[in-house]
Amino acid sequence: MATYRFDPNAKYAKTHEWVRMEDGLAVVGISDAAQDMLSDVVFVDLPEVGEEVTAGDAVAVVESVKAAEDVYAPVSGVVVEVNEELVESPELVNDDPYGAWFFKIRPGSTLEEELAALMGPEEYAKHLEETAH
Amino acid sequence: MAELRRTRLHRAHVELGGRMVPFAGWELPVQYPSGPLAEHHAVRNAAGIFDIDHMGQIRVTGPDALPFLQRIQVFDASTLEVWDAHYSLMTYDDGTIVDDIFIYRLDDGWMIAVNAANREKDLAWMQAHTQGLDVQVQDISEPTYMLAVQGPRAEAVLQKLTQANLAPVPARTALRAQVAGVEMVLGRTGYTGEDGFELFFDADQAETVWWRILEAGQEEGLLPCGLAARDSLRFEACLPLYGHEISAETTPHEARLGWVVSLDKEDFIGREALWKTRLEGPPRLLVGLEMIDRAVPREGYPIAVEGRVVGHVTTGMKSPTLGTFLALGYVPRGHHRLGTQVEIQVRGKPRRAQVVRRPFYKPRYRPGRVSR
């Protein structure tokens, strides 16, 4: 199996999103493993600013040469910012998966329990190993 | 599911970091670490090498080889001289497509290159139509290895490994030569929209030939290329892929392959039906579509006109060479004209697209042989 990079400050969903709390906002992107599995990313479809999302909702789409994958909201809240840079330069997702955030969510009251349900870097690394064939 | 077959280069692909996936019953690299985009650009700008040993080769020999070929495929093979090669189709009685094939007229008979997924079907189809003819039809896929070296630098790469002078070899012709010390048939053919060669040789020499070409290609910018790049390259050049643009449900004319069909040659299977579609015009047509709205069209997405579904996308992607979002798909005749606007339903949402000229990328082949 390939060796993947992890952001130690992020939490991870089984569906390969990472979420990092910055200034009270949940910043969301996709993991190094996710971008590697997708290969060359050619298109990113972002949610609308102001959209209300629930953890587990498919809110964005990331497409590579061969596949289209949904990006799920790891936490509930309101989308307050999207990374327009990815629309013009989707390859940033491959180059810098933990820098290339997709959207920021102003979380609601369920944040703590939603974060607790996500995985830390070690647990996510183990999850990747277990799900690799 | 049946065990996936491995080509003799399986170990080489793994060693190169190829990502192995199932394809038509075979385990093949979809990409190498450089990625499908880099591989695509290498073929457009320099060169790429593809392991296409999953493709089948069928040898046709005997005094009635030509009448047999005239019966089972649509192109007038009598126009081919020794060393000529030509794209063609085999059709059923109703004019739908058995397979798309490449015919090589060699010095010792004919060779037909067929799609991996159709190999057994094609062989059975051919063998079932030899009645009354003195012809031998033999599957030589096992002992024959097939590689493709494609791109503007393909000739330069191979020239380093052979005494034969490759420069004057016209497109769609073949020759016998020794490459990397291995006797082979080299066709100036391919399926990428670029100049290049396809190599047919003793399967036991696969590793030798593969590594020698990779080595010779290093300073020319040659990359090993996987299935993803093969698909995006053939797509931009609008070369159909069986199971996608063409199938047992489509006819040559609706797939815009009427140019392959020699309706005026002697009788062949499907001729009557093809005369009819030719005269009446097919009810639907394959078109090239470019997205007006930003979205990636993909195979299977519905094509709609004023909210009503009229067809489907057969292949779609962001074109690596052109940077635009493009699709091939079927629409009813009348909606096929350049500039016609349709909607492609991208994950349920209507996105505007318009009919554009095919091919998306104009192939850069060498000149063909001048007919005498």
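Heads up: the structure comes first, above all this text.
Residues numbered from 1 in each chain as written. Chains lettered and ligands numbered in written order. Predicted model: local features only at pLDDT ≥ 70, side-chain atom pairs only at ≥ 80, totals over all residues.

Within chain A one finds five helices and nine strands. Mapped in sequence order, the helices and strands of chain A form the string β-β-β-α-β-β-β-β-β-α-α-β-α-α. Taking 133 residues into account, the globule formula puts the C-alpha radius of gyration at 14 Å, and chain A, at 14 Å, falls close to it. Seen through its principal axes, chain A has C-alpha atoms that stretch 40 × 35 × 20 Å. For chain A, the residues scored as buried account for 43% of the 133 residues in total. Counted over contacts in chain A with a minimum sequence separation of 6, partners at least 24 positions apart contribute 63%. (Helix = DSSP H or I, 4+ residues; strand = E, 2+ residues; numbered from the N terminus. Rg over C-alpha atoms; globule rule 2.2 N^0.38 Å. Buried ≥ 20, exposed ≤ 12 C-beta atoms within 10 Å, placed from the backbone. Contact = placed C-beta atoms within 7 Å.)

All names here are of chain B. Counting 143 residues, the largest nonpolar core has Ile103, Leu147, Val149 and Leu199 as its most contacted members. Take this core: its biggest share by element is seven residues, from strand E7 (residues 97–106). Residue contacts for Leu199: discarding those within four places in its chain leaves Met146, Leu147, Val149, Val179, Met184, Leu186 and Val209. (Core = buried A, V, L, I, M, F, W, Y, C linked by C-beta atoms within 7 Å.)

Right, let's talk about the interface of chain B and chain A for a bit. At the junction of the two partners, chain B supplies ten residues and chain A supplies eight residues. Of all the secondary structure elements, the ones that give two or more residues to the side of chain B that touches chain A are helix H2 (36–45), helix H7 (227–236) and strand E17 (308–318) of chain B. Class assignment of the residues belonging to the side of chain B that touches chain A gives a composition of five nonpolar, three polar and two charged. (Nonpolar A, V, L, I, M, F, W, Y, C, P; charged D, E, K, R; others polar.)

Residues and elements named next belong to chain B. Here we have five strands laid out as an open sheet, ordered E6-E7-E8-E5-E9, and antiparallel in their pairing. Looking at the sheet topology across the chains shown, the edges are occupied by strand E6 (85–91) and strand E9 (136–139). Recorded for the sheet is a direction-independent mean angle of 30 degrees between the axes of neighbouring strands. Relative to E9, strand E5 (residues 56–61) is paired through four bridges, and the arrangement is antiparallel. Bridge pairing in E9 places Ile58 opposite Asp139. Across the sheet, helix H3 (residues 65–72) lies against E5, E6, E7 and strand E8 (109–114), angled at about 130 degrees from E5, the strand it touches most. (Pairing = 2+ DSSP bridges. Axes fitted to C-alpha atoms, helices over the stretch in contact; angles between N-to-C directions.)

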